[in-house]
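Here is what each chain is made of, one letter per residue.
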Amino acid sequence: TNPKITSILVAVDPIKTSSLPKGLFGTVAVPFSAIAVRGQWNRVRSNRLYEVDLCTSKRCNTRAKNFRMAVDRGKEQGFAGKLATANIVVNGLIKYRSDQETYGRFDYWATAAETIARGAGDCEDFAILKQTMLRAMGVPDKSLTIIVLRDNSRDLYHAVLGVSTNRGNLILDNVRDQIASDTQIPQYQPLFSFSGSRSWIHGTRKGSSTPIETSQQPTAKIAPGESIPAPALSISLPLSELRASIQ
C-alpha cells in the first residue's frame, strides 16, 4: 500500500458520491453532444465487463485475473479504498503507449478488454480502465467522468478520470498513484468530458462577465496522450457562440 495514498484517503473515506461533474478544475461546464470522439466514447462505455476475460494469451490472462482480483477486493472496501485500488492497480497493470504505436491511429479510445489484451494504452485508456473497474466495484456510473484536458505545465493534451463527490472532485491519473482533488492540480484545464450518456465542453469565465474562454482547437484535433503540442486557451466568446466555435 502506498503510504501517501493511505494518508490522504483515510480522511475522506466517508465521502458519498455525487452525480454532477460541475465546476471541474474551476471551469464552466456546458452540455454539448457534438464532440468528435463521442462515437468512440459510446462504444467503450457499452463494453461488457465479461469481455475482459476473453484472452488468447497467457499474459492477457494474467492481467485479466489481476483485474478481477482487484474488483473483488474493491467490492469489500470503502469508497476511498475502491478509488485507491483502482488507481494503483491500473497504473501498474498496463504500460503507457501511444495510440499511434498500439493501433496505428491518431486517436483511438480502447475498451477495457482491448487495453488488457494489449497490456498497454495511452492516458484515456488508463482512465477508461479505471472507470470500468470502479463500475464493477459498485461506484455509480453517473459519478465517474472521463476528462480530456490541456496540461498547461507540459503544453500537451491529457486525459484523467474524475470522481464527483459531495466534497468535491477527485482525480485518478496515470502520471501519479496519489489521488488528488482537482483543486490541487491547477495546471489542468478541462476541454471536454463524458459521463454516461452526457457530455460537456469546458471553459473559464472571464471575471463576472458572460464571455467564456475555451480552446480554439476543434475537438477532432485533440488527441490526449499523443505528445501533440496543445495551443493555449485563447478564444473568448459569449456562451451562445461557444458551442459552434469548437465543432
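None of the values given here were measured: they were computed from a predicted structure.

What counts, and where the lines are drawn
Residues numbered from 1 in each chain as written. Predicted model: local features only at pLDDT ≥ 70, side-chain atom pairs only at ≥ 80, totals over all residues. Heavy atoms only, no water. Disulfide = S-S within 2.5 Å. Buried < 20%, exposed > 50% of the residue type's maximum accessible area, 1.4 Å probe, protein only. Axes fitted to C-alpha atoms, helices over the stretch in contact; angles between N-to-C directions. Helix = DSSP H or I, 4+ residues; strand = E, 2+ residues; numbered from the N terminus. Parallel < 35°, antiparallel > 145°, perpendicular 65-115°, else oblique. Left-handed = near helix turned anticlockwise from the far one by under 90°. Contact = heavy atoms within 4.5 Å. Nonpolar A, V, L, I, M, F, W, Y, C, P; charged D, E, K, R; others polar. pLDDT = per-residue confidence, 0-100. Salt bridge = Lys/Arg side-chain N within 4 Å of Asp/Glu carboxyl O. Core = buried A, V, L, I, M, F, W, Y, C linked by side-chain atoms within 4.5 Å. Pairing = 2+ DSSP bridges.

Quick word on the state of the cysteines
Evaluated as defined, the whole model comprises one disulfide. Residue pairing for C55: its cysteine sulfur links by disulfide to C60, the two sulfurs lying 2.0 Å apart. Measuring handedness by torsion sign, the sulfur bridge of C55 and C60 sits at about -60° and is left-handed. No difference in accessibility class separates C55 from C60, as the two residues are buried.

Things to note about the packing of helix α3 (residues 58-75) against helix α7 (residues 123-137)
Packing of α3 against α7 brings their axes to within 8 Å, and their N-to-C directions diverge by 45°. Of the possible angle classes, the one that applies to α3 and α7 is oblique. Considering the relative orientation of α3 and α7, their crossing is right-handed. Contact residues: F67, A70, V71, G74 and K75 in α3; L129, T132, M133, A136 and M137 in α7. Of the residues belonging to the contact of α3 with α7, the class tally is seven nonpolar, two polar and one charged.

Some remarks on the confidence of the model for the protein chain
Within the protein chain, residue pLDDT values average 81, and 74% of them lie at 70 or more. For the protein chain, per-element mean pLDDT is lowest for helix α1 (residues 3-10), which scores 32, and highest for helix α4 (residues 79-93), which scores 97. This model gives residues 1-15 a pLDDT under 50, and the stretch forms 26 contacts once residues within four places in sequence are excluded. pLDDT under 50 marks residues 234-247. Its contacts with residues more than four places away, or in other chains, come to 39 contacts.

Remarks on the pattern of salt bridges
Under the defined criterion, the tally for this structure stands at five salt bridges. With its nearest N and O atoms 2.7 Å apart, the salt bridge here joins R154 to D151. Of the residues examined, R154 reaches a relative accessible area of 43% and is grouped as partly exposed. Its relative accessible area of 3% is what places D151 among the buried residues. The salt bridge involving D173 is made with R176; its shortest N-O contact spans 2.9 Å. You can call D173 buried: its relative accessible area is 0%.

A few points about the nonpolar core
Counting 49 residues, the largest nonpolar core has F67, W109, L129, M133, L134 and F192 as the members making the most contacts within it. When residues of this core are assigned to their parent elements, the largest contribution, nine residues, is made by α7. Residues I147, L149, I185 and Y188 belong to the second largest nonpolar core, which totals nine residues.

Things to note about the pairing of strand β4 (residues 144-151)
With eight of eight residues buried, β4 is to be regarded as a mostly interior element. Judged by which residues are buried, β4 turns out to be covered on both faces: L144, I146, V148 and R150 on one side and T145, I147, L149 and D151 on the other are all buried. Looking at chain direction, β4 and strand β5 (residues 156-165) are connected through eight bridges and run antiparallel. Paired with I146 across the two strands is L161, which belongs to β5. Summarising the sheet, β4 and strand β8 (residues 188-195) pair through six bridges and their orientation is antiparallel. By the bridge assignment, D151 is partnered in β8 with Y188.

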